[in-house]
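Observations on chain architecture
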Amino acid sequence: MSSLTSSKPVSLLHPALLELLRYQGRARLLRLVSGFGTPQRFVLSCVGLFLAAIWLGNVAVSVLMREATEPVRFLNLVSLGFTTYALWHVVRNAVWRPEAGIHWTKTEQEFLGGAPFSRRELIGYRFTSMLTAASMKAVLISLLMLPDIHIWPAALVGTILAMLMLDLIRMTVELVFHGVSNRTYAWIRGCVLTLAGGCLAGSLISMLCTPGIFAPRSTPIAVTLLAQLFHSAVDLRNTLPGLIVEAPFRPFVSIVTTHSLASYVWVWLAVGTGMVTMMAWLVLRLDQIFRTRLLQVERQVWSETRALDPELIEPEINDRPLVAIPRWGGIYTVAWRQWITAKNYWASLLVALAPLAILSVLPLAENGDPVKCFINVVGGLVFFAFIMMPSVFKLDFRRDLDHMLLLKMLPLRSSSVVIGQLAVPVVLATVFQIAVLSGVALVRPISPLVLACTCGILLPFNVLVFALDNLIFVLYPYRAQQEGLEVFIRAILILTGKGLLFAAALVFVLLWSSAAQWIGAEITGANGPIPWQGIFAAGLFAFYVTTASVTTWLLANAFGRFDPGQDVPA
Amino acid sequence: MIDVNDLHKSYDQTLAVRGISFQVAPGQILGLVGPNGAGKTTTLRTLAAIIPATQGRLTVDGYRVDEAAIEVKRRLAYIPDDPQLFDDLTVEQHLAFTASAYGVPQASDQANRLLQQFQLDDKRTSPVRALSRGMRQKLAISCAYLQRPQALLFDEPLTGLDPQGIRMLKQTIVDHSRSGAAIIISSHLLAMVEDICTHVLILQQGKQRFCGTMPELKMAFPKSSEVTTLEDIFFQATDLAVAAEQELLKV
């Protein structure tokens, strides 16, 4: 986005930009209505709305019927929620340096950047979009907190201001982390990561050292550990550094949790509004400072480069051979391409997998039978693989909406393209699961045969999971940044569908285990050569191989019929 | 080499292409011209076996597009108007990927030559997302040439190219045609079509208005003035068609 040189005083929001925001709002509404356009979409939308009503009704009832949280605990929860989210922005930007001070979409860059708007007006436009989004989120959050709050309008205003503050903090962090020199950024990154790592390690140590934390109890160990983590965070909040970090959200927390509209609430409101205004001003100022600085650096680099004799610069041209990629009917070629993408995002993948790994191995904290512990870990892994893993490893068709034409052009069978597309996420997911299970087996020894069988069954299971997600995507493609009712309905449909499938698979496994016991007893006898567990594992493997093959075949058919000109959403 | 017979393509209730037929022999260059929405891209994509034809018989080098799509794809290269390349790959990785997918043996020498020819040799380790629109177009064309296709389908090939790139692309198209490739170019740049194409096909609203050589075209649409350009003929052909349709509506 241009317009660095705007010296004349300008308004914060140009009337044309205000009009644009109005049009965007109307377009969202129209898109929402167009979701019912075709008969197929109408039926799906109706089913989705029906399910959404059930889900939301359930949530609403559970929100309204639940008991109010104890006031001090509620205050701690609200305060820690806002503070943790703000700190997350700092840590995230310390790990992945932002590519721009303020992120603009391609349309904003090309359309608004070329229009005669000042930088101030463009950032004002961004603030207004943030306010709209923050207001909608705040309505939802304040409704979820309904049993705990006393004055809903106050809670709503407090939450809107807090959400705005969070966005402004994020913008400030991104501006600073992008604008500072590489050396300063490395220093900031070191400090932030050391502090974050120290806090996390301290919390974990204090949590694990709590007397009786692993004693047998009725509540699951995960809940106990989370409760202990919360207590550690509350203790940290009451220290001086905690109070300083929490300070930007104190007025909003007081407004949200207020019992009456006493004069101090109005004072907090004035203070909070002032703080938000100050932060907005800071964002504008930082943007100006860092843009000027980056331009100076650019000019300096240019003047240094210009001083160099071009003859002395080593040309990068070389005639090295291309990397030879094995073909394997095109399967390896397609998979190789996804592997390159995976390598580019390995850090993000590791960060996304870490919580799954931690949650999966929580049963280790419970003392008990190793077999039971192993089954619990496998259950957790299977559940996460079904619900969350496809979102972590989006290294298939879901990332290739704009490349469907290119994939369709390749002289490869649809089945080869599909297998190549699924290979990398399936292999990565399986390797992750094998690593977790092997770690668990080291801590709580288990028969190597059981471990090998489980790992063998997980492979076709993962194929099934990823093929299913891709099949849904290819049949009903969507863009990741899409928003609105259609996306919500799709999420509800997919979640419900997956939930039903998971339940059906669970029932099948239970029934099959009984059947395997019966078959084992009937055919081979109680002490026969094949134990019922072997029959059970073989049947499960055959089931997953069959269902995975059928789903992959359906996906190949859907890909074969996919028309990039018609089916790719705008 | 390319034989299209009675091609129809419909989307829901819209007939995008209505019974077009043409042949492109080795060494010929067919210019596909027509207003926006005439069915040019649909024709090319159907021929490239990306979308199925609703009706009609399409063959490339004797292989039917609907029956032997993979054989057809091996023999032709389609360069779309806005090539969406894999952003995470570098320029040379893209070429390596193409060589592997199309099974091109010993592609390195050819790849190096193409990189130099299209002035991409200093960008070979740059990720595709860092390339400009024109450079992406050059890379897409390099990938297409790398497979040594017998048939080439270009959809608006000059978009985003610099003057040097335009001249070079035109020259390489002529060179490929001389070495026996059958080429189809869809373009709105009528001067370019007139310059390098041996045959012209005019499409309008999915219908074939004319198909033949340039001299045949000039004979089919005679004009009083001495100099008749393809642009003049194009407007004459499309205006006549519109007038005829309006007449039909009146009747």
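Reading the values: the criteria
Residues numbered from 1 in each chain as written. Chains lettered and ligands numbered in written order. Predicted model: local features only at pLDDT ≥ 70, side-chain atom pairs only at ≥ 80, totals over all residues. Helix = DSSP H or I, 4+ residues; strand = E, 2+ residues; numbered from the N terminus. Buried ≥ 20, exposed ≤ 12 C-beta atoms within 10 Å, placed from the backbone. Contact = placed C-beta atoms within 7 Å. Nonpolar A, V, L, I, M, F, W, Y, C, P; charged D, E, K, R; others polar. Axes fitted to C-alpha atoms, helices over the stretch in contact; angles between N-to-C directions. Parallel < 35°, antiparallel > 145°, perpendicular 65-115°, else oblique. Left-handed = near helix turned anticlockwise from the far one by under 90°. Domains from an automatic or database assignment. Expected span 1.5 Å × (residues − 1). Pairing = 2+ DSSP bridges. pLDDT = per-residue confidence, 0-100. Right-handed = clockwise from strand over helix to strand, strands pointing away.

1. Quick look at the overall build of chain B
Across its full length, chain B holds nine helices and 10 strands. Projected onto its principal axes, the C-alpha positions of chain B cover 65 × 45 × 30 Å. Buried residues in chain B amount to 46% of all 251 residues. Across chain B, the fraction of contacts at a sequence separation of at least 24, relative to all contacts at a separation of at least 6, is 68%.

2. Things to note about the overall build of chain A
Check the secondary structure of chain A and you find 21 helices and zero strands. The proportion of buried residues among the 570 residues of chain A is 29%.

3. Observations concerning the interface of chain B and chain A
Of the residues lining the interface, 30 residues belong to chain B; the matching set on chain A comes to 28 residues. When residues of the side of chain B that touches chain A are traced back to their parent elements, those giving at least two are α2 (69-75), α3 (91-101) and α4 (108-117) of chain B. Partitioned by chemical class, the residues of the side of chain B that touches chain A number 17 nonpolar, six polar and seven charged.

4. Details of the packing of α4(B) against helix α5 (residues 133-146) of chain B
All names here are of chain B. Between α4 and α5, the least distance of the axes is 10 Å, while the angle of their chain directions is 150°. Considering their axes alone, α4 and α5 lie roughly antiparallel with respect to each other. By crossing handedness, the relation of α4 to α5 is classed as right-handed. Contact residues: α4 offers Gln110, Ala111, Leu114 and Leu115, while α5 offers Ser142, Tyr145 and Leu146. Of the residues assigned to the contact of α4 with α5, the class counts are five nonpolar, two polar and no charged.

5. Observations regarding the domain arrangement of chain A
Looking at the assigned domains, one finds that chain A contains domain 1 (15-66), domain 2 (69-299) and domain 3 (328-567). On a C-alpha basis, the centres of domain 2 of chain A and domain 3 of chain A stand 35 Å from each other.

6. Notes on helix α3 (residues 71-95) of chain A
For α3(A), which comprises 25 residues, the first-to-last C-alpha distance of 36 Å matches the rise-based estimate of 36 Å (1.5 Å per residue) to within 8%. Restricting attention to buried positions, one finds in α3(A) the residues A:Asn76, A:Val78, A:Ser79, A:Phe82, A:Thr83, A:Ala86, A:Val90 and A:Asn93.

7. What about the packing of α3(B) against α5(B)?
Residue and element names in this part refer to chain B. Where α3 contacts α5, the two axes come as close as 9 Å, and the packing angle between them is 30°. As summarised for this structure, α3 and α5 are arranged roughly parallel, according to the angle between their axes. α5 is crossed by α3, and the crossing has right-handed handedness. Note on element contacts: α5 touches α3 through Leu139, Ser142, Cys143 and Leu146, opposite Val91, His94, Leu95, Thr98 and Ala99. Of the residues that constitute the contact of α3 with α5, the class distribution is six nonpolar, three polar and no charged.

8. Looking at the environment of A:Ile492
Of note, A:Ile492 is situated in helix α19 (residues 485-524). Sequence separation between A:Ile492 and A:Phe50 is 442 residues, and the spatial gap between their C-alpha atoms is 9.8 Å.

9. A look at the sheet that holds strand β1 (residues 2-11) of chain B
Residue and element names in this part refer to chain B. What the four strands build is an open sheet, ordered β2-β1-β4-β5; its pairing is antiparallel. This sheet does not close on itself; its edge strands, each paired only once, are β2 (14-24) and β5 (63-64). Summarising the sheet, β1 and strand β4 (residues 55-60) pair through five bridges and their orientation is antiparallel. Paired with His8 across the bridge in β4 is Gln55. Where helix α1 (residues 40-47) meets the sheet, it contacts β1, β2 and β4, and its direction lies at approximately 120° from that of β1.

10. As for the sheet that holds strand β10 (residues 207-213) of chain B
Sheet strands pair by backbone hydrogen bonding; their relative direction is either parallel or antiparallel. Residues and elements named next belong to chain B. With respect to topology, six strands assemble into an open sheet ordered β6-β7-β8-β3-β9-β10, the strand pairing being mixed. This sheet does not close on itself; its edge strands, each paired only once, are β6 (76-79) and β10. For this sheet, the mean inter-axis angle between neighbouring strands, taken without regard to orientation, is 15°. One ladder, built from six bridges, connects strand β9 (residues 199-204) with β10; its direction is antiparallel. Across the sheet, the residue bridging to Ile202 is Phe210, located in β10.

11. Describing the confidence of the model for chain A
Across chain A, pLDDT averages 82, with 87% of residues at or above 70. Confidence drops under pLDDT 50 across residues 2-7 of chain A; counting only partners more than four residues distant or on other chains, this segment forms 10 contacts.

12. What about the environment of B:Pro127?
Residues and elements named next belong to chain B. With respect to the secondary-structure elements, Pro127 resides in the loop between α4 and α5. Residues Pro127 and Asp87 lie 40 residues apart in sequence; the distance between their C-alpha atoms is 6.5 Å. Discounting residues that sit within four places of it in the chain, Pro127 has contacts with Asp87, Asp88 and Thr90.

13. A few points about the confidence of the model for chain B
Looking at chain B as a whole, its pLDDT mean stands at 86, while 94% of the residues score no less than 70. In the predicted complex, the global pTM is 0.71; the interface-specific ipTM is 0.76.

14. With respect to the pairing of strand β7 (residues 151-155) of chain B
Residues and elements named next belong to chain B. Counting buried positions over the five residues of β7 gives five, a clear majority of the element. Residues of β7 alternate between two faces, with Ala151, Leu153 and Asp155 on one and Leu152 and Phe154 on the opposite face, all of them buried. Here five bridges tie β7 to strand β8 (residues 182-186), and the two strands are oriented parallel to one another. Within β8, the position partnered with Asp155 by the bridge is Ser186. After leaving β7, the chain enters helix α6 (residues 163-178) and then returns to the sheet as β8, a path that is right-handed.

15. A few points about unusual backbone geometry
Residues and elements named next belong to chain B. If you check the backbone angles, Gln106 has positive phi at about 40° while not being a glycine. Assignment of secondary structure puts Gln106 in the loop between α3 and α4. When the 11 C-beta atoms within 10 Å are taken as the criterion, Gln106 is described as exposed. Even without glycine at this site, Arg148 takes up a positive phi of about 50°. For Arg148, a count of 15 C-beta atoms within 10 Å gives the class partly exposed.

16. Remarks on the pairing of strand β3 (residues 29-33) of chain B
Residue and element names in this part refer to chain B. The element β3 is extensively covered by neighbouring structure, given that five of its five residues are classed as buried. In β3, alternate side chains face the same way, and those of Ile29, Gly31 and Val33 on one face and Leu30 and Leu32 on the other are all buried. In this structure, β3 lies alongside β8, joined through four bridges in parallel fashion. Bridged to Ile29 within β8 is Ile183. When β3 meets β9, the two strands line up parallel, connected through four bridges. Counterpart to Val33 in the pairing with β9 is Ile202.

17. A closer look at the environment of B:Ser132
All names here are of chain B. For Ser132, the location among the structural elements is in the loop between α4 and α5. Judged by local crowding, Ser132 falls into the exposed class, with 11 C-beta atoms found within 10 Å. Linking Ser132 and Asp232, residues 100 residues apart in sequence, is a C-alpha distance of 34 Å.

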